[in-house]
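Residue-level structural notes
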Amino acid sequence: MKAIVIEEYGSADQLVERDVPTPEIKDTQVLVELHATSINPVDWKVREGYLKDNLPFQFPVILGWDAAGIVKKVGESVTGFSVGDKVFARPATNPNGTYAEYVAVDSNLLAPMPENVSYAEAASIPLVGETAWTALVEIAKIKEGDKVLIHAGAGGVGSLAIQIAKSFGATVASTASSDNEDYLKDLGVDVFIDYKKQDFESELDDYDIVFDTMGGEIQEKSFNVLKKGGIIVSITNPPSEELAKAKEVKTGYFFLEPNGKRLAKLGELMKNNQLKATIGSQFPFSENGLREAHRLSETHHAKGKIVINIKS
């Protein structure tokens, strides 16, 4: 099969096209013919070698951990999925990723693809969507009426977190640049904070939940907008337990462990038009296409998800 791989760590120029064996599936896996994948910052962080101590992969490495496609083969122990099913997934983090024509996926990480979305849209959701759901629903225990601050609402995780929070009936504040004000309000944001002109710490008070996607000083200042008993959940670094104790609030921090049942819940929101993917850029499945996609992601200024169309 065709795949775009890296054979050593380095710049986007390390992404090269190769012909590699189609994956053999285990009894608990399915073989997915990929129609689309998407780019996440973890992709180029692995490519650069930033995570080599945590993820000691052997080369060549196929990057990419968002999948949307069609089931082509089913392992003997798999139930609930059949050849021909449209599925999407956040596959396990291993060196045989989704910049390829086929990927082997553990069946417990799969979910049925909603009928009303495209492969490109479905491929935009798994990693960022499961991250937002884990933070807000599983850790923060969001409920109707909660006041929620979501930092960097125009980003891949933030834009889905806004929609998830609104689906639970929360009031949502979010930070972004003025260029994204209309976009965030269209997603349902009730209180927009232009981080270049406004200090969220001065504007907001008595919040139940802060979802921190930034870390550093922003994380530290976020403690001051929480009510007593509130919670700050971060995906950047563990929030200060000392500050939490002083403010009488809770903290949360996690690495995503993908789960097909969680992804299926996101699929239901998409089916009911409560969650939509924002695709900012699309690139072809080629050496140059992946290189351009990585370079765009590295700017930190890509609006919406960056999608790779594997089958047009």
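Data block above holds the structure.
Remember, predicted model here, so these are calculated numbers, not experimental data. (Residues numbered from 1 in each chain as written. Predicted model: local features only at pLDDT ≥ 70, side-chain atom pairs only at ≥ 80, totals over all residues. Heavy atoms only, no water.)

**Describing the packing of aromatic side chains**
Overall, the coordinates contain three aromatic pairs when judged by the stated rule. The interplanar angle of 70 degrees and the centroid separation of 4.9 Å between the aromatic rings of Tyr9 and Phe59 together place this pair among those described as edge-to-face. On the criterion of sequence distance, the pair formed by Tyr9 in the loop between strand 1 (2–6) and strand 2 (15–19) and Phe59 in the loop between helix 1 (41–48) and strand 4 (67–74) is long-range, its members being 50 residues apart. You can call Tyr9 partly exposed: its relative accessible area is 23%. Overall, the relative accessible area of 35% leaves Phe59 in the partly exposed class. Taking 5.7 Å as the distance between ring centres and 70 degrees as the angle between the ring planes, the aromatic pair formed by Tyr253 and Phe255 counts as edge-to-face. Look at Tyr253 and you get partly exposed, because its relative accessible area is 31%. For Phe255, a relative accessible area of 69% translates into the label exposed. Between the NZ or CZ atom of Lys45 and the centre of the ring of Trp44, over which it lies, the distance is 5.8 Å. (Phe/Tyr/Trp six-rings, centres within 6.5 Å; stacked < 30°, edge-to-face > 60°. Helix = DSSP H or I, 4+ residues; strand = E, 2+ residues; numbered from the N terminus. Buried < 20%, exposed > 50% of the residue type's maximum accessible area, 1.4 Å probe, protein only. Lys NZ or Arg CZ within 6 Å of the ring centre and 35° of its normal.)

**Structural notes on the layout of surface pockets**
Estimates place the volume of the second largest pocket at around 260 Å³. Lining the second largest pocket are 19 residues, with Pro23, Ile62, Asn94, Asn96 and Ala104 positioned closest to its centre. Taken together, the residues of the lining of the second largest pocket break down into 13 nonpolar, four polar and two charged. (1 Å grid on protein atoms, 1.4 Å probe; cavity = no way out; pocket = protein on both sides within 12 Å on 5 of 7 lines; lining within 4 Å. Points joined across faces, edges and corners; volume = space filled by probe spheres on them. Nonpolar A, V, L, I, M, F, W, Y, C, P; charged D, E, K, R; others polar.)

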